[in-house]
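# Residue-level structural notes
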Amino acid sequence: MRRFLVILKKELREMLTWQTLMPIILVMVIYSFLGQVINTEQKKQAAPQPITVVDFDHTATSQALTGTLDKVNFKVTTYTEGTVEDAVHRANADNSSAVLVVPQGFERGILAHKPQEVQTYTIMRNFSLVGMTGSVNLDAALSAMNQYIGDQYIRSAAPGLDPAVVRQAISRRSFVTVGTRVAEADPQSIAGIVTQQTMVIPIVLMLVIILASQMIAASIAGEKENKTLETLLSTPVARGALVTAKMTASGIVALVSAAAYMVGMKSYMGSLIGDTGGTSTGVSQAIQKLGLVFNAQGYVLLGLSVFAGIMVALSISVILGAFAEDLKSVQVMIAPLMMVVLVPYLMTMFIDINTTSPVLRWLIYAIPFSHPFLAAQYIFAHNFIAVIAGIVYQFILFVVFASIAARIFSTDRILTMKLNTAGRMRRGSWTIGREGISFRRRK
Amino acid sequence: MEQALRVANLKKNYGKFEALHSISFEVAPGEIFALIGPNGAGKTTTLRIVATILQPTSGTVHVYGMDVQKDAARIREIISYLPEEAGAYKNLTGVGYLTFMAELFASDPAVQHEYIQRASDITGLGERLNDKIGTYSKGMTRKLLLSRTVMTHPKLAIIDEPTSGLDVVAAIDIRESIRSASADGMAVLLSSHNMLEIEYLSDRVAIIDRGTIHDIGTPQGLKEKYRKSNLEEVFVEVVQQ
Ligand SMILES: Nc1ncnc2c1ncn2[C@@H]1O[C@H](COP(=O)(O)OP(=O)(O)O)[C@@H](O)[C@H]1O
Ligand SMILES: [Mg+2]
């Protein structure tokens, strides 16, 4: 135990260097920064939009329309003289991006119950994604004006009838049910929040598994290359302690970086879903009522699943690292593992596991890393059996791979085994250089 | 008296390839014993087996009476192994590395301190010990590792190619450190393909080539036996027989 701690301390000191911490900190900072930027952009959108109205009609109706725009969050500047060109020019100078022209004879046409036409000019000067969506707001202006005129028609044709009733004779109350629970809520906003929660976990998990696997494989391959592993193997440290100390150290680094990524991602994701300054109390109450928040049990299950996934990845990486002869070959050795992590990541993002074909479904279940990706979905759906089965499966795989790793370290395979692609022994043959095993690839 | 090391009929196979064909030799306590032979002769293989990190295919190896396969854990307490061309953890300082290794061998802080002190004295690196090992020259790293090897007062030190790749000054320095460390009773098993340096360093040598030991003796005795002026010529004579 004492020697385990000595090795653990050394591993942590080796792994927690600026080279390894920088990418983690960078990702965290970049994502929080992106989140902040998107948030402030969205706040800007919520502020009153400047619009320039060129009123050539000079009537009560055209003035009333301008007033309507005020009410639906536009900051209106009105011109009644000059040409349209002048108005656009001035709007551009005022940094306004929308111009609306009400033609002469507008009121007369309305009173004669004839369809009328206004012209809108959108000044595009900002081609960022957020900047360009600004033009959509003219639709809001037009529908506000249509509503105003429509109300006028209803009032004059059917006095005593509330225009609001004509516009919307049927309203609805929407409910969402999950399992046996029911809550009054808008399904869109519930879905938004759940997606946010279930998307953050896979992304973070994938980053962390890749990071931790590379770290431990590089640590073992580096020690082989430097011969420090041979030295350690000849000291009184138990072989098991050596492997577990390495796995614990990279596990700790993985968890620390998971926390860091989580903080960064949450802010970023929150802004994407449009979650400015927390969800509204109505929605969050509904979420509570539906059981779509992680309670203690949910967190424990999710945590166990993620932990088991990381442990499986680490135990596989120990074996891959033992095959690598030097640091350079680590990337090649670890590549297959990366593929196996990426597959369920993409699948769980784009495929509904419940409706996909059975073959594909069991293939996804067979990959141990699918389970942490799926856990959040299953916990929300209260399918705890599936989560627990996944955790058990992962732990069985971990025990299998960890005992293979322990066997490799307790025999001389750790020093003699390598995938010999250079054909040192026989040209065109693949050899695992140890007693008994040698595969020949036919040409 | 009990031998520090007894190797009897040792064979080692890598797959179908037999790297050692039944070799035997003994090393007495306090003796410096060298395996000399060209690259690929089987020196590193022998040293790794004695260091308990490779298993013999057949034959026996005893370190102070303990069997390398059955008593590996106890042997590891009293030996120290310095691999060929070894490096150290580049992100640790020299002192950090010595501390790490001292903590692995001893649990008593006073003993750890004594080990670190002894190693620091032997390295002669002074203030540079506080720098990261990544900044050391090859000679400095080798000196640090050699000091680490002898600091725990091992009863048997196993040193693979102690001076390979070093310049003359650094090589002489290393040789002298090995000599003085063995003065207080430590047995040394070393290997080299540089037969001239071995003449100055070792009490006895074994000439090994392609997995077979051809002869064993003191450098002086071998030179007289084959009537040659240096070990290199002895080697050529022995191997051609
Ligand atoms: N891991 C291994 N797998 C296969 N062959 C090996 C391995 N290690 C060493 N050998 C072979 O065993 C022979 C002896 O090698 P080694 O003991 O390293 O020689 P030396 O140290 O004297 O140069 C060489 O032919 C070498 O190619
Ligand atoms: Mg060698």
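Model, not experiment: these values are computed from the prediction.

Rules used in this analysis
- Residues numbered from 1 in each chain as written.
- Chains lettered and ligands numbered in written order.
- Predicted model: local features only at pLDDT ≥ 70, side-chain atom pairs only at ≥ 80, totals over all residues.
- Heavy atoms only, no water.
- Buried < 20%, exposed > 50% of the residue type's maximum accessible area, 1.4 Å probe, protein only.
- Helix = DSSP H or I, 4+ residues; strand = E, 2+ residues; numbered from the N terminus.
- Arc of directions from axis to C-beta.
- Contact = heavy atoms within 4.5 Å.
- Buried area = accessible area lost by both parts, 1.4 Å probe.
- Salt bridge = Lys/Arg side-chain N within 4 Å of Asp/Glu carboxyl O.
- Domains from an automatic or database assignment.
- Nonpolar A, V, L, I, M, F, W, Y, C, P; charged D, E, K, R; others polar.

### Some thoughts on helix H8 (residues 219-226) of chain B
All names here are of chain B. Of all the residues in H8, the buried ones are Pro219, Leu222, Lys223 and Tyr226. Taken end-on, H8 shows its buried residues confined to a sector of 100°, consistent with a single buried face. Opposite the buried face of H8, at more than 90 degrees from it, the exposed residues are Glu224 and Lys225. Buried residues belonging to H8 abut helix H7 (195-201), strand E9 (204-209), strand E10 (212-217) and helix H9 (231-240). Arg227, located one to two residues past H8, shows a positive phi value of around 50°.

### Points about the interface of chain A and chain B
Each side of the interface is counted separately: chain A has 30 residues, and chain B has 34 residues. Summed over both sides, the interface of chain A with chain B buries roughly 2,900 Å², with 54% coming from carbon and sulfur. Across the chain A-chain B interface, the total number found is four salt bridges. In this structure, Glu103(B) and Lys9(A) form a salt bridge, with 3.4 Å as the shortest nitrogen-oxygen distance.

### Some details on the environment of Leu242(A)
Structurally, Leu242(A) can be placed in helix H11 (residues 239-272). Among residues more than four places away in sequence, those in contact with Leu242(A) are Ile7(A), Leu229(A), Leu232(A), Leu233(A), Val237(A) and Phe409(A).

### Focus on the domain arrangement of chain B
Residue and element names in this part refer to chain B. Segmentation of chain B into domains returns domain 1 (1-78 + 155-165 + 184-241) and domain 2 (86-153). Computed over C-alpha atoms only, the centres of domain 1 and domain 2 are separated by 26 Å. Listed per partner, the contact involves eleven residues of domain 1 and eight residues of domain 2. The contact between domain 1 and domain 2 buries some 620 Å² in all, and 50% of this surface belongs to carbon and sulfur atoms. At the boundary of domain 1 with domain 2, the tally comes to zero salt bridges. When contributions to the side of domain 1 that touches domain 2 are tallied by element, the ones reaching two or more residues are helix H2 (72-78) and strand E7 (156-160). By residue number, the principal contributor to the side of domain 1 that touches domain 2 is E7, which donates three residues. Along the lines of polarity and charge, the residues of the side of domain 1 that touches domain 2 split into four nonpolar, one polar and six charged.

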